[in-house]
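Next come the chains, spelled out residue by residue.
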Amino acid sequence: MRRGFKAQAERHAAQLRDAVNCSDRETMCLPKLAAHLKVEVVAGHRALGSADPFYALHQEQPGAFSGATFHLPDGRIVVVYNPIVYETGDLLSARAAQTHGRTRSDVAHELSHLVLGHDLREIKTIAGHPFFTCDPEQEQEANWLAGCLLLPRPMLVAAARRGEADDHVAAQHHVTIEMARWRMSVSGARMQAARGRARPA
Ligand SMILES: [Zn+2]
């Protein structure tokens, strides 16, 4: 990742939270962020009119498709997410998608590409449908910013001070345990909380 990007991502995420009135003690409200960015977020089966391609893909290669962003000829920007729950193969309702950790990661990742102004490059075809992806560097950047949006550092430090475990943080803020563990680790929040405790009162 390019030099300075990580600090820049935290600042960028903080500005976006300000713009949608979301504090640094809560996870980003993705529908609000999407509205702010003038982006529509749509479940795959709604976008294509059928869930069949997603079921077919799930059978072939579970988890292969997470999300994609489409710039339509009429100027609309649409983020499409995989409506199939990876673990169970169930179709996710739009309501459940709001709190489903993996879907939230995928949507935050797509919105991050847009915020960062990434170009769409390679085209992949999945179950007969073309999808665009970015280069690996841009994928990393989008993942990083998505993490900052979903779990702001000040919130993680506060959770670490309260001694909350990663799975508790995940459940509380509607992210996957992997996301909570990763952000706790790369943000250095537990270390900062431990240093704070060691300081004399
Ligand atoms: Zn991506």
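Look up: the structure comes first, before these words.
The written sequence of each chain sets the order in which its residues are numbered from 1. pLDDT decides what is reported in this predicted model: residues at 70 or higher carry local features, side-chain atom pairs at 80 or more are listed and counted, and totals for whole chains, interfaces and linings draw on all residues regardless. Water and hydrogen atoms were dropped before computing side-chain values, which therefore reflect all heavy atoms in the structure.

Caption draft 1: Highlighting the nonpolar core. Only buried Ala, Val, Leu, Ile, Met, Phe, Trp, Tyr and Cys residues count toward a nonpolar core, and they belong to the same one when joined by side-chain atoms within 4.5 Å. Burial status follows relative accessibility: with a 1.4 Å probe on protein chains alone, a residue under 20% of its type maximum counts as buried, one over 50% as exposed, and anything between as partly exposed. Grouped together as the largest cluster of nonpolar side chains are 42 residues, with contacts concentrated most on Met28, Leu30, Leu111 and Leu151. Only DSSP runs of H or I reaching four residues or more are called helices, and only runs of E reaching two or more are called strands; each is numbered from the N terminus. It is helix α7 (residues 136–150) that contributes the most residues to this core, six residues altogether. Ignoring any residue separated from it by four or fewer positions in sequence, one finds Leu111 in contact with Leu30, Leu33, Ala34, Leu37, Val39 and Val79. Core analysis: the next-biggest nonpolar cluster, separate from the first, contains five residues, Phe54, Leu57, Phe65 and Ile84 among them. Contact between two residues is taken to exist if any of their heavy atoms lie within 4.5 Å; hydrogens are not considered.

Caption draft 2: Just the coordination of the zinc ion, in detail. Only nitrogen, oxygen and sulfur atoms qualify as donors, and only when within 2.8 Å of the metal (3.2 Å in the case of Na, K and Ca); with water excluded, sites may look incomplete. At the metal site, the zinc ion is ligated by His109 (NE2), His113 (NE2), Glu139 (OE) and Glu139 (OE), and these contacts range over 2.1 to 2.4 Å. Angular criteria define each label, namely tetrahedral for four donors with all angles between 85 and 135 degrees, square planar for four and octahedral for six donors with opposite donors over 155 degrees apart and remaining angles between 65 and 115, and irregular for whatever fails these tests. The site at the zinc ion holds four donor atoms, and with the angles between them running 54 to 127°, its shape is irregular. Along the chain, the residues donating to the zinc ion fall in the pattern H-x3-H-x25-E. Residue His109 is found in helix α6 (residues 101–115), and its partner Glu139 is found in helix α7; the two are separated by 30 residues along the sequence.

Caption draft 3: Quick peek at the sheet that holds strand β3 (residues 77–81). A sheet is described by the order of its strands in space; here three strands give the open sequence β1-β3-β2, paired in mixed fashion. Only two strands of the sheet have a single neighbouring strand rather than two, namely β1 (39–43) and β2 (67–71). For this sheet, the mean angle separating the axes of adjacent strands, direction not counted, is 25°. Of the strand pairs in this sheet, β1 and β3 are connected by five bridges, and their pairing is parallel. Note that in β3 the partner of Ala43 across the bridge is Tyr81. The strands touched by α6 within the sheet are β1, β2 and β3, with β3 carrying the most contacts at an inclination of about 150°. The pairing criterion is simple: DSSP has to find at least two bridges between the two strands. Between N-to-C directions, angles span 0 to 180 degrees; the directions come from axes that are lines fitted to C-alpha atoms, helices contributing only their stretch in contact.

Caption draft 4: Geometry of the packing of aromatic side chains. Working definition: rings of Phe, Tyr and Trp (its six-membered ring) pair if their centres are within 6.5 Å, and the pair is stacked with planes under 30 degrees apart, edge-to-face with planes over 60 apart, and tilted otherwise. For the structure shown, the criterion picks out two aromatic pairs. Measuring from centroid to centroid gives 5.7 Å for Phe54 and Phe65, while their planes differ by 45°, and the two rings are tilted. A residue pair is termed long-range when its members are at least 10 positions apart, and Phe54 in helix α4 (residues 52–60) and Phe65 in the loop between α4 and β2 qualify at 11 residues. The buried category is assigned to Phe65, whose relative accessible area is 3%. Both rings, one in Trp144 and one in Trp182, keep their centres 5.4 Å apart while their planes meet at 85°; by these two values the pair is edge-to-face. Taken together, the positions of Trp144 in helix α7 and Trp182 in helix α10 (residues 177–187) put the pair 38 residues apart, joining distant regions of the chain. Taking relative accessible area as the criterion, Trp144 reaches 8% and is therefore assigned buried. Note on Trp182: relative accessible area 30%, which makes it partly exposed.

Caption draft 5: The arrangement of the state of the cysteines in detail. Two cysteine sulfur atoms form a disulfide, by the criterion used here, when they sit within 2.5 Å. Scanning all chains against the criterion turns up zero disulfides. Cys22 takes part in no disulfide bond, and the closest cysteine sulfur to it belongs to Cys29, at a distance of 7.1 Å. You can see Cys148 has no disulfide; the closest cysteine sulfur is in Cys22, sitting 13 Å from it. For Cys148, a relative accessible area of 0% corresponds to the buried category.

Caption draft 6: Fine view of unusual backbone geometry. Backbone geometry at Lys38 places phi at a positive 60°, although glycine is not the residue there. As for its placement among the helices and strands, Lys38 is situated in the loop between α2 (30–36) and β1. On the accessibility criterion, Lys38 (70% relative accessible area) is exposed. Of note, the phi angle at His174 is positive, near 55°, even though the residue is not glycine. The residue His174 is located in the loop between α9 (166–173) and α10 in this model.

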